[in-house]
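Letter by letter, the chains look like this.
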Amino acid sequence: MNEPTGKWYRVGGSILLAANTFVLFLVCFSNSIVLPPWLQVVGRMHPLLLHFPIVILLLAALIAFIRPRDPALQKWKHVAIRVLLLTGALLTAFTVIMGIFLSKEAGYDEAGLQWHKWGGVILLWLVSALYVLTRRQLEDQWWMKGGMLLVTLLLLVTGHLGADITHGANFVLAPVTPQQPKLVPLEKAEVYTDLVQPILEEKCMGCHNAGKAKGGLVLEHPAQLLKGGKNGKAIVAGHPDQSLIYARLLLPPDDKKHMPPAGKPQLNEKETALLYHWIKSGASFNLKAIALPMDDSLRMAAASLLQAPASEPVYDFAPADEKLVQQLNNNYRVIYPIAQHAAPLVVNCYNKDQFNSKTIEELLPLKKQIIEMHLQKMPVEDKDLKLLASFKELRVLNLNFTNIKGQTLAELASLPKLERLSLSGTPVTLAALQALKSAKALKELYLWNSGLAAGDFEKLQKQLPQTAIVKGFIEDGSHPLKLNQPILASTDLVFKDKMQVCLRHPVKGVAIHYTLDGTAPDTVNSPVLKDSVEISRNTVVRAVATKNGWYASDPVQFAFSRTTYIPDSVVLITTPDGSYAGSGALTLNDKQRGGAEQGNGKWLGYYKDPLAALLIYKTPVPVSQVCVGILSNVNGYIFPPSKIEIYGGQDPKHLKLLKKVIPAPGKKDDPSMSMDVKCDFPATNVSCLKVVLTGLEKIPDWHPGKGGRGWVFADELMIN
Amino acid sequence: MKNEFLEHHLNMNRRKFLSNLSIGVGSLALGSLLIPDIFSKGTDELAFTPGVPHFAPKAKRIIYLFQNGAPSQLESFDYKPKLREMMGQELPPSIRNGQRLTGMTSGQSSFPLVGSYYDFKQYGASRAWISDLFPHTASIVDDICIVRSMYTEAINHDPALTFFQTGAQQGNRASFGSWMSYGLGSENKNLPAFCVLLSRGKGNGQGVYSKLWSNGFLDSIHQGVQFSSGESPVLYLNNPEGMDMANRRQMLDQLAALNEQSYKEFGDPEISTKIQQYEMAYRMQTAVPELTDLSKEPDDIVKLYGPECLVPGTFAANCLLARKLSESGVRFIQLYHQGWDQHGNLPNEMAGQAKDVDRASAALITDLKQRGLLDETLVIWGGEFGRTNYCQGKIQADNYGRDHHPRCFSIWMAGGGVKPGIVYGETDEFGYNIIKDPVHVHDFHATVLHLMGLDHEKLTYKHQGRRYRLTDVAGKVLPGLMA
């Protein structure tokens with residue numbers, strides 16, 4: 001190799017000198033430099049460039065340890081080392097400069113950065129010095145080799161520190177160092193020490209420490225926290241919104257007062273929630289999470305922060321014989337693997353008539369695989385628990401609403417892996433449940449609707465501190481509900497001579513108070529309905545339902561109408577509109593009322609033609625009243641008829657007008673309602689009646705459909 | 001000829017062999033690069049046995065409380081104070097950004113923003129905002145996961161509903177519940193795996209049709225069984241007069257023999273399905289009356305769900321029935337509550353609708369929880385899309401309407417491996433676009449299937465020459481929703 005001419009060395013050497021001076025300047029005045037954005041871009045290339053000096057300097061170090069016998073090679077070695085050292089030194093200088101630029105950006109861990117920076121700078125000086133010394137061919141001197149060793153060492157250390165900054169501490173060894181879960185179990189966690197303080201330490205104390213004390217606020221000790229800073233109190237117990245430490249988190253990120261400042265790591269939602277609930281609950285410094293009730297918000301926030309990532313359960317047993325599983329499977333005892341090709345089995349039992357001790361006993365050959373048994377509502381007896389206790393792999397056992405009383409619960413305590421036990425709907429008592437103290441794995445215990453009194457839950461929780469005890473919904477009478485309205489047992493609202501009115505209520509033990517005279521029923525004086533009450537004339541029955549521990553229902557009313565003379569046949573002379581044809585002529589005579597909705601098939605609707613119906617009696621009847629049930633819904637274009645005409649006579653051909661009634665016309669904003677129009681006339685013996693309802697010819701001007709035709713709807717004719 | 005062979009053999013020396021080999025190895029490598037699983041073993045179809053989950057499930061059963069008609073997210077779970085501030089002002093076109101409109105508001109010349117008539121408060125450990133219309137849901141907020149960033153592609157009820165229920169906007173695909181029945185089978189052989197319960201509120205309603213619980217191309221045993229809302233939820237289950245169980249058994253045995261015969265003759269799988277269905281109906285004769293008998297429920301249950309739960313056909317009664325069905329191993333229970341389509345009169349109608357469902361929905365969660373069943377039962381509450389942040393029709397202080405809005409809406413999920421007590425996703429301050437963690441309907445399906453132990457890409461059925469999935473060709477599992 002030809003040695004480069006002295007010119008190149010001179011140029012290189014001058015640049016190196018300039019770069020070194022610049023680095024010195026940067027190191028001295030780094031705090032007072034502000035970078036233009038384009039230099040930031042240069043700085044960000046630091047991680048790209050740094051690999052070159054590492055390789056070149058390592059190569060130089062390697063060559064320094066070679067001892068060629070051949071003088072020619074010896075010469076070559078000298079040149080190589082000089083060139084490599086110069087290039088390496090130059091590249092190191094640029095890398096250091098870029099690194100210092102990059103370090104001006106926020107967000108780096110200060111301590112790690114300092115070491116890395118100084119490592120780089122010292123390396124630069126060392127390499128520069130070695131280069132200067134190589135002018136005199138001293139490569140084989142001991143200090144030269146020592147220098148090269150030092151360079152290698154510095155390269156490794158500085159490089160490693162740099163990697164820590166970019167990839168996080170312990171990046172290289174993380175896969176082989178066992179992860180120490182830092183999480184404190186909830187049972188031992190103190191809200192301040194184990195939850196609040198770590199958040200403050202991680203996200204706030206970079207600035208709010210005794211050294212910097214930005215804004216006069218230090219968060220290192222409770223006393224300092226309570227003292228607050230220049231701008232006010234950091235925490236006001238019970239009032240998160242007045243506590244600056246919380247309120248500042250909520251400001252928009254671009255607000256100057258928002259904390260942590262833009263660019264610094266922010267608090268996540270869980271951490272924010274925890275701070276909120278901690279302050280809200282009084283910001284106590286020695287509160288234990290476990291001392292809080294199960295459903296307390298702070299406890300839940302704490303639990304969600306402390307929750308270790310759920311690991312998939314591991315099952316270390318062999319799968320069962322598939323044929324055996326199939327054999328034991330039937331319609332009432334279903335056994336299935338939790339997943340394809342998985343060994344663990346789940347058992348569900350259905351139909352209590354098919355269940356007995358044998359149902360469980362037959363499963364014993366599968367006891368090494370069964371991890372769940374769902375026996376709710378099956379007649380499982382106390383003695384069966386001994387059998388269940390031999391299924392040592394059980395994780396989940398559901399015994400809700402079974403026949404067990406609890407004397408033998410101790411058997412279940414011996415299940416080493418039982419995590420979830422459901423005993424809702426069984427009369428188990430506190431004394432019996434204490435046997436579960438030795439169930440080490442038990443995480444969840446369900447005791448709704450069991451034999452436990454309200455105070456027992458707390459006692460039991462003390463005995464089983466590791467177990468979440470679910471007591472479920474307990475109605476303590478503090479929020480009574482309103483009963484729903486009574487309902488009619490039969491849908492008939494029209495009767496001939498008399499009728500048994502029968503009202504029912506879906507809730508057991510409800511008293512129905514009623515009136516027959518149209519007055520509002522009251523829950524004290526109005527009689528209570530016993531089964532049914534008889535009526536024999538047009539009656540409005542009004543009723544309310546009452547029960548202890550409930551608010552009385554809204555009153556309900558039903559109008560019953562009497563029809564004395566039921567025609568032997570009814571014929572419609574005109575055809576109703578196709579959409580509202582009900583059940584034809586029968587609709588007017590079926591004892592059913594139409595209700596409020598025209599489209600329910602219980603109404604006859606007419607648009608083009610008037611409604612005309614013929615009622616025929618085999619033997620003449622003395623009629624003095626025809627009552628017509630009609631619907632009025634002006635918004636739906638349904639108006640009361642413009643006139644109602646009743647004709648009577650001995651046969652359809654000889655009819656004379658008995659009565660003409662003009663019902664009250666529909667008015668603007670009338671609510672939708674059904675009503676009865678009574679047409680009274682002197683008693684007349686008739687065998688045939690004709691009823692004609694003529695629709696409104698011209699809708700009045702206030703209506704959006706003014707000038708058009710109105711609909712006519714009728715549901716029933718009552719003849720008296 | 002012989003010479004040519006000889007020549008060829010002579011030419012095939014070691015160097016040539018190795019160089020040819022390298023081409024072969026190279027193309028193998030290229031192949032595996034282009035199609036990553038080209039050399040992995042077998043196809044999914046051989047590996048998949050219907051009726052067993054692919055991997056250990058978090059949830060075993062689903063109760064889907066579908067709120068049909070699209071409840072407004074802006075009066076329920078997506079709190080937008082900005083809309084109140086800007087009441088009556090125009091929706092900025094940059095926010096709407098070309099979103100297509102339904103025929104109901106496309107003719108409107110202005111789109112005035114309208115804020116919620118109802119106030120919101122924060123509840124629970126997650127400090128979730130919930131409107132005053134849902135006090136009972138608010139009381140269980142620590143058990144539920146509110147998703148505020150659902151979005152869909154359809155803008156009208158039927159396609160949107162069909163999309164949610166079958167994974168496609170046009171009909172004729174298999175329903176969600178049918179896929180579940182196909183994928184996981186029935187836990188309890190005495191009841192259908194997929195049941196449907198309908199109820200109706202007083203609000204403006206939209207119909208639901210039996211195509212929503214159709215088995216589509218799947219075997220008809222996977223079809224949803226609709227329970228009627230009357231006194232007897234399953235019709236014709238009682239033996240007619242003069243017929244006892246022994247008679248019935250004998251009749252069914254004879255019928256099965258006949259069916260078996262024609263199955264052998266024609267080989268139509270529908271015939272064997274029919275035999276199975278008759279058998280199940282026979283077993284249902286004992287299982288169903290016990291299930292639907294609400295008179296044995298403890299008093300506390302009536303107070304928990306509200307007295308309406310004893311009136312057949314109400315949402316509350318359906319929730320209670322759903323709990324009982326689920327407890328008895330029914331895989332998928334689909335409820336529909338109709339009446340959530342508030343194009344007008346929203347404040348009033350929405351209050352009525354919320355009152356219908358709020359207590360019972362919360363009661364269902366509490367009830368499952370106190371039995372230790374919430375961990376294995378996934379409950380979903382939500383509609384088919386959202387409602388616009390602007391007013392449809394005339395805007396008044398206490399009366400306004402909202403049109404259909406597909407770009408964001410809120411649902412909630414609980415139990416069955418869903419992360420409890422969180423609020424997932426976020427919309428912009430106008431409540432119009434999603435700004436964080438969007439959840440497409442396909443993603444929702446993929447995630448729910450995952451919770452049920454099914455890989456949505458492997459749950460397939462070949463029909464007319466193509467493999468179908470519930471998630472069609474899209475969807476991704478969202479770990480952020482799962483505990």
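All of these numbers come straight from a predicted model, not from anything done at the bench.

**Q** Explain the overall build of chain B to me, please; I cannot follow it from the model alone.
**A** Regarding its fold elements, chain B presents 14 helices and 17 strands. The principal-axis extent of the C-alpha atoms belonging to chain B is close to 100 × 70 × 45 Å. Looking at chain B as a whole, 49% of its 483 residues are labelled buried.

**Q** Teacher, can you tell me more about the overall build of chain A here?
**A** Along the backbone of chain A there are 18 helices and 22 strands. Relative to the globule expectation of 27 Å for 720 residues, the C-alpha radius of gyration of chain A, 47 Å, shows a markedly less compact shape. Its C-alpha atoms give chain A principal-axis dimensions of roughly 150 × 75 × 60 Å. Long-range contacts, defined here as pairs at least 24 residues apart, represent 67% of the contacts in chain A between residues at least 6 apart.

**Q** Explain the domain arrangement of chain A to me, please; I cannot follow it from the model alone.
**A** Where interface size is given, it is often the accessible area lost as the parts come together that is meant. One can read the domain layout of chain A as domain 1 (6-167), domain 2 (191-306), domain 3 (322-470), domain 4 (487-561) and domain 5 (569-719). If you average the C-alpha positions of domain 2 of chain A and of domain 4 of chain A, the two centres end up 61 Å apart.

**Q** Is there a simple way to think about the pairing of strand S1 (residues 61-67) of chain B in this case?
**A** Each regular strand shows side chains that alternate between the opposite faces of the sheet. Residues and elements named next belong to chain B. When you tally the buried positions in S1, you get seven out of seven residues, the bulk of the element. Of the two faces of S1, the one carrying Arg61, Ile63, Leu65 and Gln67 and the one carrying Ile62, Tyr64 and Phe66 are both buried. Here S1 pairs with strand S8 (residues 377-382) via six bridges, running parallel. The residue of S8 that forms the bridge with Ile63 is Val379. For S1 and strand S7 (residues 332-338), the ladder comprises six bridges, and the chain directions are parallel. Each bridged residue has a counterpart across the sheet, and for Ile62 the counterpart in S7 is Phe332.

**Q** I tried to follow the domain arrangement of chain B on my own but got confused; where do I start?
**A** The domain architecture assigned to chain B consists of domain 1 (2-34) and domain 2 (59-481). Each of domain 1 of chain B and domain 2 of chain B was reduced to a C-alpha centroid, and the two centroids are 61 Å apart.

**Q** Whenever I open this one, the sheet that holds strand S9 (residues 494-495) of chain A confuses me. Can you help?
**A** Across the sheet, which stays open at both edges, the four strands sit in the order S9-S15-S14-S12 (chain A) with mixed pairing between neighbours. Taken across any chain shown, the strands that pair with only one partner, and hence form the sheet edges, are S9 and strand S12 (511-515) of chain A.

**Q** Whenever I open this one, helix H12 (residues 297-306) of chain A confuses me. Can you help?
**A** For an α-helix, the turn length of 3.6 residues means that residues three or four places apart are oriented alike. With respect to burial, H12(A) is a largely interior element, seven of its ten residues being buried. Turning to H12(A), the residues buried within the fold contact helix H8 (191-203) and helix H11 (269-280) of chain A.

**Q** Help me understand the packing of helix H1 (residues 6-29) of chain A against helix H6 (residues 110-133) of chain A in this model?
**A** Each packed pair of helices is defined by two parameters, the angle between the axes and the distance between the axes. Residue and element names in this part refer to chain A. Running from N to C, H1 and H6 point in directions that differ by 155°, and their axes come no closer than 11 Å. Between H1 and H6, the crossing angle belongs to the class labelled roughly antiparallel. Note on packing geometry: the crossing formed by H1 with H6 is left-handed. Within the contact between the two elements, H1 uses Leu16, Asn20, Val23 and Val27 and H6 uses Val121, Leu124 and Ser128.

**Q** Whenever I open this one, the sheet that holds strand S5 (residues 420-422) of chain A confuses me. Can you help?
**A** Residue and element names in this part refer to chain A. The mixed open sheet is built from seven strands, whose spatial order is S1-S2-S3-S4-S5-S6-S7. The outermost strands of the open sheet, each flanked by one partner alone, are strand S1 (333-337) and strand S7 (468-470). Neighbour-to-neighbour, the strand axes of this sheet turn through a mean angle of 10°, independent of strand direction. As defined by bridge partners, S1 adjoins strand S2 (residues 345-349) across five bridges and the pair is classed as antiparallel. Bridging from a neighbouring strand, Arg333 pairs with Cys349 of S2.

**Q** Help me understand unusual backbone geometry, please; the structure alone is not making it clear to me.
**A** Note: most residues except glycine have negative phi, and most peptide bonds are trans. Residue Pro260(A) follows Met259(A) across a cis peptide bond; omega there is -15°. In this fold, Pro260(A) is placed in the loop between helix H10 (244-250) and H11. With a phi close to 50°, Gln464(B) is a non-glycine residue in the positive phi region. Along the chain, the position of Gln464(B) falls in the loop between strand S16 (461-463) and strand S17 (466-468).

**Q** When you look at the pairing of S7(B) in this model, what are you seeing that I'm missing?
**A** Residue and element names in this part refer to chain B. Most of S7 is tucked away: seven of the seven residues are buried. What you see with S7 is no split at all: Phe332, Gln334, Tyr336 and Gln338 on one side and Ile333, Leu335 and His337 on the other are buried throughout. In this sheet, S7 lies alongside strand S5 (residues 194-200) in parallel orientation, the contact comprising seven bridges. Bridging from a neighbouring strand, Cys195 pairs with Ile333 of S7.

**Q** I tried to follow the packing of H11(A) against H12(A) on my own but got confused; where do I start?
**A** All names here are of chain A. Two elements in contact, H11 and H12, have axes whose closest approach is 9 Å; the angle formed by their N-to-C orientations is 150°. Comparing their axes, H12 and H11 come out roughly antiparallel. In this structure, H11 crosses over H12, and the sense of that crossing is left-handed. Between H11 and H12, the contacting residues are Lys270, Ala273, Leu274, His277 and Trp278 on the first element and Ser297, Leu298, Ala301, Ala302, Ser304 and Leu305 on the second. Of the residues assigned to the contact of H11 with H12, the class counts are seven nonpolar, three polar and one charged.

**Q** What should I look at first to understand the UniProt feature "transmembrane region" (unreviewed entry) in chain A in this one?
**A** Residue and element names in this part refer to chain A. UniProt's entry tags residues 12-36, 48-67, 79-103, 115-134 and 146-163 with the feature "transmembrane region" (unreviewed entry), counted in the numbering of this structure. Between the end C-alpha atoms of residues 12-36 the distance is 27 Å, and the span holds 72% helix and 0% strand. Span residues 79-103 is 100% helix and 0% strand, its end C-alpha atoms 35 Å apart.

**Q** Help me out: how do you make sense of the environment of Thr471(B) in this one?
**A** Residue and element names in this part refer to chain B. Secondary-structure assignment places Thr471 in the segment after S17. Overall, the presence of 23 C-beta atoms within 10 Å leaves Thr471 in the buried class. Residues Thr471 and Thr166, spaced 305 residues apart in sequence, show a C-alpha to C-alpha distance of 8.6 Å. Excluding residues that lie within four positions of it along the chain, Thr471 makes contacts with Gly167, His442, His445, Ala446 and His456.

**Q** For this particular structure, what's the right way to read the interface of chain A and chain B?
**A** Every contact between the two is made by 38 residues of chain A and, on the other side, 39 residues of chain B. For the side of chain A that touches chain B, the secondary-structure elements that each account for two or more residues are H11, H12, S1, S5 and strand S6 (444-446) of chain A. For the side of chain A that touches chain B, the leading source of residues is H12(A), giving four residues. A breakdown of the residues in the side of chain A that touches chain B according to their chemical character gives 20 nonpolar, 15 polar and three charged.

**Q** Looking at this model, I keep getting lost on helix H7 (residues 142-167) of chain A. Mind explaining?
**A** Residues and elements named next belong to chain A. Here H7 spans 37 Å end to end across 26 residues, near enough to the 38 Å set by a 1.5 Å rise per residue. Buried within H7 are the following residues: Gly147, Met148, Val151, Leu155, Thr158 and Gly162. Residues of H7 that are buried in the fold lie against helix H4 (51-64) and H6. One or two residues past the end of H7 sits Gly168, with phi positive at roughly 100°.

**Q** Sorry, what's going on with the nonpolar core here?
**A** Side chains that are nonpolar tend, in soluble globular proteins, to be buried together. By size, the foremost hydrophobic cluster in this structure holds 168 residues, and its most contacted members are Cys145(B), Val379(B), Trp412(B) and Met413(B). Residues contacting Trp412(B), with those up to four places away along its chain left out, are Phe77(B), Ile144(B), Cys145(B), Ile146(B), Val147(B), Trp381(B) and Gly382(B). Core analysis: the next-biggest nonpolar cluster, separate from the first, contains 44 residues, Ile338(A), Leu345(A), Leu385(A) and Leu397(A) among them.

**Q** Whenever I open this one, the confidence of the model for chain A confuses me. Can you help?
**A** Any residue range with low pLDDT should be treated as having predicted coordinates unsuitable for detailed reading. Across chain A, the average pLDDT comes to 86, with 96% of residues at or above 70. Mean pLDDT values for the elements of chain A range from 81 in H12(A) up to 95 in strand S4 (residues 396-398) of chain A.

**Q** Please clarify how the environment of Ile81(A) should be interpreted in this entry.
**A** Considering the arrangement of structural elements, one finds Ile81(A) in helix H5 (residues 71-103). Note: C-alpha distance between Ile81(A) and Arg593(A) (512 residues apart in sequence) is 111 Å.

**Q** Sorry, what's going on with the confidence of the model for chain B here?
**A** Residues and elements named next belong to chain B. A residue-level look at chain B finds 96% of positions with pLDDT of 70 or above and a mean pLDDT of 89. The secondary-structure element of chain B with the lowest mean pLDDT is helix H3 (residues 44-47), recorded at 46, while S8 shows the highest, at 97. Note that pLDDT drops below 50 for residues 42-47; the model gives that stretch four contacts with residues more than four away or on any other chain.

Each value, and the rule that gives it
Residues numbered from 1 in each chain as written. Chains lettered and ligands numbered in written order. Predicted model: local features only at pLDDT ≥ 70, side-chain atom pairs only at ≥ 80, totals over all residues. Helix = DSSP H or I, 4+ residues; strand = E, 2+ residues; numbered from the N terminus. Buried ≥ 20, exposed ≤ 12 C-beta atoms within 10 Å, placed from the backbone. Rg over C-alpha atoms; globule rule 2.2 N^0.38 Å. Contact = placed C-beta atoms within 7 Å. Domains from an automatic or database assignment. Pairing = 2+ DSSP bridges. Axes fitted to C-alpha atoms, helices over the stretch in contact; angles between N-to-C directions. Parallel < 35°, antiparallel > 145°, perpendicular 65-115°, else oblique. Left-handed = near helix turned anticlockwise from the far one by under 90°. Nonpolar A, V, L, I, M, F, W, Y, C, P; charged D, E, K, R; others polar. UniProt positions renumbered as here; feature names shortened; annotations may be inferred. Expected span 1.5 Å × (residues − 1). Core = buried A, V, L, I, M, F, W, Y, C linked by C-beta atoms within 7 Å. pLDDT = per-residue confidence, 0-100.

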